[in-house]
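# Overview (structure and organization)
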Amino acid sequence: MNRRDSIKSIILGSIGASLTMKSCITQEDEILLNQVWEYNYGRTSEELKWDYKVLTGKFFSNNELAAIDKIANIILPPNENGNIKDAGVVELFEIIAKDFSTPAHNEYGEKVLRRGLIVFDEICNNRFNKNLLDCSEAEIKIVFDKIAYNDNKDEDLQEAIRLFAVYRGMVLTGYFTSEIGIKELGYKGNIPNVWDGVPPEILKDYSVSYDKEWIDKCVDQSKRNEIAEWDEDGNLIT
Amino acid sequence: MEIIKSKKEYDVIVVGSGAGGGMATKILSDAGISVALVESGPYFDPANPEQQTQLKWPWESPRRGAGTNRAFGDFHMSYGDWSLDGEPYSSVEGTSFKWWRSRMLGGRTNHWGRISLRFGPRDFKSKDFDGLGENWPISYEDVKPYYDKLDKLVGVYGTKENMFNEPDGFFLPPPKPRLHELFYIKGARKSNVKVMPSRLSVLTKRINNERGICFYCGQCDRSCSVYGDFSSSSCLVIPSLKGGKVDLFVNSMVNEVMTDNNGRATGVSFINKENGRDYKIKGKIVVLAASACATARILLNSKSKAHPNGLGNSSNLVGKYLHDTTGAGRGVFIPELMNRKTYNEDGVGGMHVYSPWWLDSRKLDFPRGYHIEVGGGMSLPQYGIGWNPNEFNKFFGLRTGGYGDSLRNDVKKYYGSTVYLSGRGEAIPLKENYCEIDNNTKDKYGVPVLKFRYKWSDYELKQVKHMHDTFEEIAYNMGGIPLGTKPTKKDNYGISVPGEIIHEVGTTRMGNDPKTSVVNKYERLHDVDNVYVVDAAPFVSQADKNPTWTIMALSMRTSEYIISELKKKNV
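Residues numbered from 1 in each chain as written. Chains lettered and ligands numbered in written order. Predicted model: local features only at pLDDT ≥ 70, side-chain atom pairs only at ≥ 80, totals over all residues.

### Focus on the overall build of chain B
On a plain count of helices and strands, chain B comes out with nine helices and 16 strands. The C-alpha radius of gyration of chain B comes to 24 Å, within 12% of the 25 Å expected for a compact globule of 571 residues. A principal-axis box enclosing the C-alpha atoms of chain B has dimensions of 75 × 50 × 50 Å. Scored against the burial criterion, the 571 residues of chain B give a buried share of 60%. At a minimum sequence separation of 6, the contacts of chain B that also span at least 24 residues come to 73%. (Helix = DSSP H or I, 4+ residues; strand = E, 2+ residues; numbered from the N terminus. Rg over C-alpha atoms; globule rule 2.2 N^0.38 Å. Buried ≥ 20, exposed ≤ 12 C-beta atoms within 10 Å, placed from the backbone. Contact = placed C-beta atoms within 7 Å.)

Encoded structure:
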C-alpha cells in the first residue's frame, strides 16, 4: 500500500461513521484527503486523524477571513520580499482556530481569534460607524495607532491591545515560518553540511577568536570518515 | 475474557525498548539468548520516510510546528509527552509531578538531548561527603568498564579534561563552538565558571559502517535518519532484530508480571492496543525497562499470594525515592549579536560547549551541584518566531509594538541575539517523594494508574537560587542583559516542576539491604531471583549528570550478569 492509500485507510477506518455510511468517497472527501496528503511530515495515525479534523470544516466566515486578510496586510504590508498571501497567513489563522481546540487551549479560536475581530469591529463602529471590513486603510490605521503600542495605558483599550498583539504575533509567525519569510530572514540551515566553525570573517567582525588549545581538540573534518580508534588511554589515533 | 497464551518460553522478556531495554536486548540477543521485547508504542525507525521529521520545514506542518500534538512541537520525535489520552495520572493535593511518556520503539532516546555524562567516583558515594541520601552499593570502578565499552559501541564526543568527578572516556572529537558559544565561553571564564566542550552521543566521526556521520542539521531531537546520533531504536533494537533471536511485540502494554505459587516470575501479560486483547507470554527471566515510574506501576500492579504488596515490594519502597533533576533557566539578550550576518550555524542538535559543576558544595548553603547548558543561535524558525518582534526595543528606550513594514526589520534585527542558560542539578532523593497506585482510577485499558507526591526541599530551592545568581553574573560578563526578572523565594526561585526535566529516577532503588532497597547491585529484585530492572528505577541518586549513559552502562552490566546466570543454569 502506498502512503496515500495508507493514509486513506487510516482516515476512513477511523473517522468512521460519517464516511463509512456513504457507499463511496464523495468528491468532497477526496479533496479533503488530498489536503491531508499535502502535508507529509511524519504523522502517527492519531495525529493524521487530528489533522483531518483541523483541515476540514470551517471556523471563520468568509467575511471574517476577509477582515483577517485586511488586518494582516496592514500589519505586514506586501513588499518585494514577500506578502502575507504567499506566506499563507490567513489560512494559518483558520487552521490555528481549529487546531487550538484542546481543553488546554481554552477555546482559543473563539475567545482570542474571533474575539479580536469583534473587539476591532467595536472600535471601528464607535469611531467610524462601520465594521472594520468597511473601513478604509487610513481609518483602520487610526484605530491601530491606538491599540498597537504597549505604552497606551488607556484602560478601556487594554483588551484590544492584548488581542492586537496576538494578531501581530500570528501574522509575523505565519510569515516567518513560510518559505518566503524564511528566505527573507536569511536562515541558511536545515540542509546537510559540515560545520567547521564560525566563518573567519565573522570572527573578525566580532573581534573573537578560537583558543588554539580548544580548537586543537575539535574534529578534523577531513578525517571524519575514518573509523575511530583509540589507544588504551582513550586518545583518538585515527 | 479470552486470554491468548503463547506456548513458547523465552529465555528473557524485556519490557520497554528505550535506553535500558534496548541495551539489554542487544547484549542478550548478541549472546544467542532468545528475547521477547515488548514495547507499548508502535515500531519506529528514524530512517523511515513515513515517520521522519528531520529536515522538514515549518510550513510542511499545517500549524507551522506548533505544539498541539507534541509538547515540544510537531517535529519533535516523541510519540507522547506529559499527557496521553486515556492514560491519566494525578498528584496529591498541594504537590505536582509531570510524567513524560514516549510510547514508541526506542522510547525517549529518539528525542533526548544526547548529553552523555558518566557519573563520577563521588557521585556513587555522595553520602560519604555530605551525609545525605544513600550511597550506591557499587562504585565508579564497577561501572567504568561498561562506560568504556559504551563509549566505543555507541559513540560520544568530548575532550579529556582530567577533572575531578567528571571522568573522561573514549571520545570522538567535538565540534567547534558557535558564535554565541564563544560569547558564553568569554562570560563564563570571566565569572570563574569552568567551561569546556560538551559531551554528546553524536557521531562527529565514523564509528562503524552501519551508522552515518553527523551532517549538522541541529535536529537530534527529531532522531537522525542516518543514525548519526544515538537512539535505542536505530542503534540497538533495529540491528538486534536482524540476529533472529528477538521477537518484537509492539503496541503492547505490559500490565503485570506473572508469578508462580513460589512467587517466581513466569512471564508477563500485556494488552495489545490494536485489538484490545490480552496476551500472556512466558519467560525464564523478566527484565523491566518501562521507565522508572511505569516499571514501579507494573510491579505494584503485580499482586499475588506470594507478593500481596506488589512484586518486589516487601520493603514497601517500590515507587519511593522518586527524584528528577532540578532545572532553572534564563534568557540573555546580547546587543552585540543584533543585525547578524546569517550563515548556517545549525551544528549538532544541542550545545557544543557547557559548564560542568565547578564549585565545592561544602562551602555553599546547598548540597551537590549543577551544570549549565547553553542554547541560542540563528536556529530554524518555528511557530512562535516574531511573536514579540521588537520587545528588546525597551532596552534602547524605543517603543514596542506597532505595525507595518518596520516589523520585518525588527524580526531580522533581533534574530539570533538571544542566548539561553539552563541549570540542571542534583536533587536529594527523599522517601516522601513517590508514586503509588491510585486504586480509584483506571486507564482506558482498565489498569490502575499512578498517583504522585513530590515536593522539592530547601536543598533544591537554594540550589536553583544559586543557579540564577550565576546566570546573571555570566549574562553581564558576556555583554548581555538577562531577560525577565530574577525569580524570588515567592516563586520558588523559578525551579522546574518535578518531572519537567524528564530525568525521573529512583523508584526501585539499589542496595545491599533488602529492607532499605528494592534491587541488588545487579539490578535484580531482592524478593525474586528472576526479575531485573534496567531503566533508571534502580538509581540511588543521579548526580547532575543526565541519566541515559548510566542507564545503559548498568543495563550492559546487568545483561552480562544475566548471561552468566543463564550459563550457570542458575535460572
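### A short note on the interface of chain A and chain B
Listed by partner, the interface residues are 70 residues for chain A and 72 residues for chain B. Breaking the side of chain A that touches chain B down by element, the ones donating at least two residues are α4 (45-55), α5 (62-75), α6 (89-99), α9 (158-176) and α10 (179-185) of chain A. Tallying contributions element by element places α9 of chain A first for the side of chain A that touches chain B, with seven residues. Broken down by class, the residue content of the side of chain A that touches chain B amounts to 38 nonpolar, 18 polar and 14 charged. (Nonpolar A, V, L, I, M, F, W, Y, C, P; charged D, E, K, R; others polar.)

### So, the nonpolar core
Most often, soluble globular proteins keep nonpolar side chains buried together rather than apart. Core analysis: the largest hydrophobic core is formed by 115 residues, its most contacted members being Val12, Ile13, Val14, Val15, Val38, Val287 and Leu288 of chain B. Counting 49 residues, the second-largest nonpolar core is a separate cluster that includes Ile84, Phe164 and Phe176 of chain A together with Tyr415 of chain B. (Core = buried A, V, L, I, M, F, W, Y, C linked by C-beta atoms within 7 Å.)

### Re the sheet that holds strand β3 (residues 90-91) of chain B
Residue and element names in this part refer to chain B. Taken together, the three strands give an open sheet; going across it, the order is β3-β14-β13, and neighbouring strands pair in mixed fashion. In the strand order of this sheet, the two ends are held by β3 and β13 (434-442), each with one partner. Sheet analysis places β3 next to strand β14 (residues 448-453), joined by two bridges and oriented parallel. Bridge pairing in β14 places Ser91 opposite Phe452. Helix α6 (residues 292-301) contacts β13 and β14 of the sheet and is inclined by roughly 60° relative to β13. (Pairing = 2+ DSSP bridges. Axes fitted to C-alpha atoms, helices over the stretch in contact; angles between N-to-C directions.)

### Quick notes on the sheet that holds strand β10 (residues 353-355) of chain B
Residues and elements named next belong to chain B. The strand order across the open sheet formed by six strands is β4-β10-β11-β12-β9-β15, and the pairing between neighbours is antiparallel. Looking at the sheet topology across the chains shown, the edges are occupied by β4 (196-197) and β15 (481-482). In this sheet, strand β12 (residues 418-425) lies alongside strand β9 (residues 326-333) in antiparallel orientation, the contact comprising eight bridges. Among the inter-strand pairings, Val332 is bridged to a residue of β12, identified as Val419. Packed onto the sheet, helix α4 (residues 179-190) meets β10, β11 (370-376) and β12 and runs at close to 25° relative to β10. Most of the contacts of helix α8 (residues 458-477) go to β9, to which it runs at about 20°, and overall it touches β9, β11, β12 and β15.

### Quick word on α9 of chain A
Between its first and last C-alpha atoms α9 of chain A spans 27 Å; for 19 residues at 1.5 Å apiece the expected length is 27 Å, and the two agree. Buried residues of α9 of chain A: Ala160, Leu163, Phe164, Tyr167, Arg168, Met170, Val171, Leu172, Thr173, Gly174, Tyr175 and Phe176 of chain A, and no others. Where α9 of chain A is buried, its residues contact α5, α6, α7 (108-128), α8 (137-147) and α10 of chain A together with α7 (406-414) of chain B. (Expected span 1.5 Å × (residues − 1).)

### A word on the environment of Leu430 of chain B
Residues and elements named next belong to chain B. Among the structural elements, Leu430 can be located in the loop between β12 and β13. Judged by the 19 C-beta atoms lying within 10 Å of it, Leu430 is partly exposed. Taking the C-alpha atoms as reference points, Leu430 and Thr53, 377 residues apart in sequence, are found 39 Å from one another. Once residues lying within four places of it in the same chain are set aside, the contact partners of Leu430 are Tyr321 and Ser457.

### Quick word on the packing of helix α1 (residues 19-30) of chain B against helix α9 (residues 548-567) of chain B
Residues and elements named next belong to chain B. Look at α1 against α9: their axes get within 8 Å of each other, and the N-to-C directions meet at 35°. Here α1 runs over α9; the crossing is right-handed. Across the interface between the two elements, Ala19, Gly20, Met23, Ala24, Ile27 and Leu28 of α1 pack against Thr548, Ile551, Met552, Ser555, Met556, Ser559, Glu560, Ile562 and Ile563 of α9. (Left-handed = near helix turned anticlockwise from the far one by under 90°.)

### Looking at the environment of Ile115 of chain B
Residue and element names in this part refer to chain B. For Ile115, the position within the fold is in the loop between β3 and α2 (126-130). In sequence terms Ile115 and Glu523 are 408 residues apart; their C-alpha atoms lie 24 Å from each other. Among all residues touching Ile115, those that are not within four sequence positions of it are Ser198, Arg199, Leu200 and Asn546.

### Things to note about the domain arrangement of chain A
As far as domains go, chain A holds domain 1 (1-57), domain 2 (58-191) and domain 3 (193-238). Summarising the inter-unit geometry, the C-alpha centres of domain 2 of chain A and domain 3 of chain A are found 46 Å apart. (Domains from an automatic or database assignment.)

### Brief notes about the confidence of the model for chain B
Detailed reading of the predicted coordinates is not advisable wherever pLDDT falls low. Predicted confidence across chain B gives a mean pLDDT of 97, with 100% of residues reaching 70 or more. For this predicted complex, the interface score ipTM comes out at 0.95, alongside a pTM of 0.95. (pLDDT = per-residue confidence, 0-100.)

### A closer look at the packing of α5 of chain A against α6 of chain A
Residues and elements named next belong to chain A. Contact pair α5 / α6: the axes reach a minimum separation of 9 Å and the direction vectors enclose 130°. Here α6 runs oblique to α5, going by the angle between their axes. In the crossing of α5 with α6, the sense of the turn from one axis to the other is right-handed. Contacts from Leu65, Ile68, Asp69 and Ala72 of α5 reach α6 at Val89, Val90, Phe93 and Glu94. Split by residue class, the contact of α5 with α6 holds six nonpolar, no polar and two charged. (Parallel < 35°, antiparallel > 145°, perpendicular 65-115°, else oblique.)

### Examining the pairing of strand β2 (residues 35-38) of chain B
Residues and elements named next belong to chain B. What you see with β2 is no split at all: Val35 and Leu37 on one side and Ala36 and Val38 on the other are buried throughout. By the bridge criterion, four bridges tie strand β1 (residues 3-15) to β2 in an arrangement that is parallel. From the neighbouring strand, Val12 faces β2, where its bridge partner is Val35. Direction of pairing for β2 relative to strand β5 (residues 246-249): parallel, over a ladder of four bridges. What sits directly across from Val38, in β5, is Phe249.

### Concerning unusual backbone geometry
With a phi close to 50°, Glu107 of chain A is a non-glycine residue in the positive phi region. With respect to the element layout, Glu107 of chain A can be found in the loop between α6 and α7.

### A short note on the confidence of the model for chain A
Per-residue confidence for chain A gives a mean pLDDT of 90, with 84% of residues at or over 70. Long-range and interchain partners of residues 14-23 of chain A, a stretch whose pLDDT sits below 50, account for six contacts in this model, where long-range means more than four residues apart.

### Describing the environment of Leu105 of chain B
Residue and element names in this part refer to chain B. With respect to the helices and strands, Leu105 occurs in the loop between β3 and α2. A tally of 28 C-beta atoms within 10 Å means that Leu105 is categorised as buried. Those residues in contact with Leu105, other than ones at most four positions away along the chain, are Ser17, Glu39, Gly41, Tyr43, Phe44, Ser233, Val237 and Val250.

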